Amino acid sequence: MPSLEEELFPSTPGKFKIDRGHTMNRQFHRCFASTSTMFLWALFLVALTASYLSFQSFVDSGSRYFSASWGGIQWEKQVRNSAQIHRSGGMSVLVTGAAGFVGTHVSLALKKRGDGVVGVDNFNDYYDPSLKKARKSLLSNHGIFVIEGDINDAKLLAKLFDTVAFTHVMHLAAQAGVRYAMENPNSYVHSNIAGLVTLLEASKSANPQPSIVWASSSSVYGLNEKVPFSESDRTDQPASLYAATKKAGEEITHTYNHIYGLSITGLRFFTVYGPWGRPDMAYFSFTRNILQGKPITVYRGKNHIDLARDFTYIDDIVKGCLGSLDTSGKSTGSGGKKRGPAPYRIFNLGNTSPVTVPKLVNILERHLKVKAKKNIVDMPGNGDVPYTHANISSAQKAFGYKPTTDLQTGLKKFVRWYLSYYGYNHGKAVN
């Protein structure tokens, strides 16, 4: 069959004999035939283009489906396997912020005792995501499935609650850090308020409703000068946006407890430290800079008073988290409707032994066998408070909370982990 080009432009000029009597008629037929052929070809190209675009759309949507971090039969299987309970009377726990510092340790402790655990984390870059990925690998090695997703994703949360009837939620996902709030305030509202509400909405609609334990913060005590800090003390004078979002979280959770019958326990953590910790924390950055021969900045308060913190070792915090989960009681709602009153509790989790920052530095120097280069400066108005001290009597009465690790012992364990994780040998990094 001749091509379109052959129809319009014959390859051998003069080949055709022209009959003058039928010139107009032939020209008409040729024009008509050419036009018809062009139309057919155009129609074919349009159909081909439409088919291609449709196929491309299918491929794109398929790629998005298969490259998504959640969803699908295999994903559901992983979620259910990870959530499986392996002890009598055990619980199935959704841990948000599972690849975070506290989230990793709590997830491992739950799994170790036979509880089902499924993690969610958005792996943001507030600090080096590679550390979070390493924690995820650690959890995976212990049979814990961590989903890369955001707690603001209502569809993801609904899918999780539809896949597994979680008995508990351990909500540890949050935008941490006091000073960073001055650089990126919206991230605190996004995670600590909007994310919390999204999680509470999913929880109150779940059937059965889970019991919720979540991380508030000792920062809510703000400018409170009464020490030690007790849960009944005023918390209406936050010194930072971070503290304000955590205080807002306490008010929001109370509302969901009151209206929807969710069992909720808030934990006010006091300066948690230990292996797999957060690089933005003072003890972590001090260790890094001391080993690298860089100066560290040590803040002091008004009238040259040393700052002090109620440093609490991670293992003690984990014991408090598990004790809170074990005594949380049940939510009373169903289908988003409250059937009766449900527990609402707030506890301090601290060490009850504040230590000054200069003493922290001295302990690190002994463990690292390196002298720190210190710059002593006055504390800026960036949201930090000069002193924290926890009254833990309420947690002691409720679930026998009793911290057992002093700062000397805890920092020794941290330094051992740090040197191993970052490949230090006799004070030098191993490449």
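Residues numbered from 1 in each chain as written. Predicted model: local features only at pLDDT ≥ 70, side-chain atom pairs only at ≥ 80, totals over all residues. Heavy atoms only, no water.

- As annotated in an unreviewed UniProt entry, the protein chain carries the name NAD-dependent epimerase/dehydratase domain-containing protein and is attributed to Xanthoceras sorbifolium.
- Taken directly from UniProt, the Sequence similarities (unreviewed entry) text for the protein chain runs: "Belongs to the NAD(P)-dependent epimerase/dehydratase family." (UniProt positions renumbered as here; feature names shortened; annotations may be inferred.)

1. Concerning the overall build of the protein chain
Phase 1 of the analysis: Helix and strand counts for the protein chain stand at 13 helices and 17 strands.
Phase 2 of the analysis: For the protein chain, with 431 residues in total, the buried portion stands at 47%.
Phase 3 of the analysis: Put simply, 81% of the contacts in the protein chain that link residues at least 6 apart link residues at least 24 apart.
Phase 4 of the analysis: Put simply, the protein chain shows about 22100 Å² of open surface, and 56% of that area lies on carbon and sulfur atoms. (Helix = DSSP H or I, 4+ residues; strand = E, 2+ residues; numbered from the N terminus. Buried < 20%, exposed > 50% of the residue type's maximum accessible area, 1.4 Å probe, protein only. Contact = heavy atoms within 4.5 Å. Areas by Shrake-Rupley, 256 points an atom, 1.4 Å probe, with all protein chains shown as cover.)

2. Description of the confidence of the model for the protein chain
Phase 1 of the analysis: Averaged over every residue, the pLDDT of the protein chain is 86; residues scoring 70 or more account for 82%.
Phase 2 of the analysis: Within the model, pLDDT remains below 50 along residues 1-67, and this stretch shows twelve contacts once partners closer than five positions in the same chain are excluded. (pLDDT = per-residue confidence, 0-100.)

3. Considering the side chain of serine 107
Phase 1 of the analysis: Within the element layout of this structure, serine 107 appears in helix α4 (residues 101-112).
Phase 2 of the analysis: Here the side chain of serine 107 touches glycine 103 through a polar contact of 2.8 Å, landing on its backbone oxygen.
Phase 3 of the analysis: What serine 107 contacts, discounting residues up to four positions off in sequence, is Val95, Ala98, Val117, Leu139 and Ile144. (Polar contact = N/O pair within 3.5 Å; in protein donor to acceptor, adjacent residues only side chain to side chain.)

4. A few points about the nonpolar core
Phase 1 of the analysis: Counting residues in hydrophobic clusters, the biggest one holds 69 residues, and the most contacted among them are Val102, Val106, Met170, Phe269 and Tyr283.
Phase 2 of the analysis: Leaving out residues up to four positions away in the same chain, valine 102 has contacts with Leu172, Phe269, Val272, Ile314 and Ile317.
Phase 3 of the analysis: Membership of the second largest hydrophobic core comes to 26 residues, among which are Leu160, Leu196, Ile212 and Leu262. (Core = buried A, V, L, I, M, F, W, Y, C linked by side-chain atoms within 4.5 Å.)

5. A few points about the packing of aromatic side chains
Phase 1 of the analysis: Taken as a whole and judged by the stated rule, the model has 29 aromatic pairs.
Phase 2 of the analysis: Judged by centre distance (5.2 Å) and plane angle (90°), the ring pair of phenylalanine 347 and phenylalanine 399 falls under edge-to-face. Of this pair, phenylalanine 347 sits in strand β13 (residues 344-349) while phenylalanine 399 sits in helix α12 (residues 393-399), and the two are 52 residues apart along the sequence.
Phase 3 of the analysis: The exposure class assigned to phenylalanine 347 is buried, which follows from its relative accessible area of 6%.
Phase 4 of the analysis: Grouped by ring-pair contacts, the aromatic residues Tyr273, Trp276, Tyr283, Phe284, Phe311, Tyr313, Phe414, Trp417, Tyr418, Tyr421, Tyr422 and Tyr424 constitute a single cluster.
Phase 5 of the analysis: A cation over a ring is seen here: lysine 132 above tyrosine 127, with NZ or CZ 4.6 Å from the ring centre.
Phase 6 of the analysis: Positioned above the aromatic ring of phenylalanine 123, the side-chain terminus of lysine 133 is 4.2 Å from the ring centre. (Phe/Tyr/Trp six-rings, centres within 6.5 Å; stacked < 30°, edge-to-face > 60°. Lys NZ or Arg CZ within 6 Å of the ring centre and 35° of its normal.)

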